Amino acid sequence: MNNKRGRSVMRISMSLPKKLLNEFDEVLKDRGYNSRSKGIRDALKDYIVRYQWMKDIEGDRIGIVAVIYNHQYTGVLEDLTDIQHEFRDYINATMHIHMTGKNCLEVIVVKGEAQEIRNLTEKIMRLKGVEHVKLTTAAGGEQ
Ligand code: NI
């Protein structure tokens with residue numbers, strides 16, 4: 001199937017939690033989008049860019065992993081602690097902020113080989129109960 005501009009497009013259907021879709025629509029409204037499809041396309045592009053950027057970091061890095069999670073979600077605290085113990089050689093410090101009644105912000109200071117930092121970040125991203133993860137790094141080796 002082609003769209004008006006002659007580009008090849010595919011139609012997909014998907015199931016989403018109602019709350020997530022409502023929040024997404026709210027963001028689209030705030031940002032002045034009048035097409036949900038356009039919003040989803042832009043969100044997918046952002047996701048791809050973020051992943052590719054994470055894939056591109058290399059060498060010795062220093063940075064932070066910011067994690068927002070729901071501490072009431074069963075097992076998430078234990079999983080997050082297990083992962084941090086597993087990657088303890090790459091973690092300098094962790095700061096925990098009790099954001100709201102249910103949400104916590106954990107800021108993990110990381111230092112070391114990019115691949116290990118990426119593995120740590122991706123493991124946290126896959127955890128159920130984790131709502132947001134953002135990795136920021138800079139070159140951290142001896143220059
Ligand atoms: Ni907390």
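Just above, that's the structure.
Residues numbered from 1 in each chain as written. Predicted model: local features only at pLDDT ≥ 70, side-chain atom pairs only at ≥ 80, totals over all residues. Heavy atoms only, no water.

**Student:** Just checking my understanding: could you explain the packing of helix H2 (residues 36–56) against helix H4 (residues 114–125) for this structure?
**Tutor:** The relative placement of two packed helices is expressed as an angle between their axes plus a distance between the axes. The contact between H2 and H4 brings their axes to 10 Å, and the two run at 150°. Considering their axes alone, H2 and H4 lie roughly antiparallel with respect to each other. The hand of the H2/H4 crossing is left-handed. On H4, the residues that touch Arg50, Tyr51, Met54, Lys55 and Asp56 of H2 are Arg118, Thr121, Glu122 and Met125. (Axes fitted to C-alpha atoms, helices over the stretch in contact; angles between N-to-C directions. Helix = DSSP H or I, 4+ residues; strand = E, 2+ residues; numbered from the N terminus. Parallel < 35°, antiparallel > 145°, perpendicular 65-115°, else oblique. Left-handed = near helix turned anticlockwise from the far one by under 90°. Contact = heavy atoms within 4.5 Å.)

**Student:** Would you mind going over the side chain of Glu122 with me for this structure?
**Tutor:** With respect to the helices, strands and loops of the structure, Glu122 is situated in helix H4. In contact with Glu122, other than residues within four places in its own chain, are Tyr51 and Met54.

In short, geometric facts, not functional conclusions.
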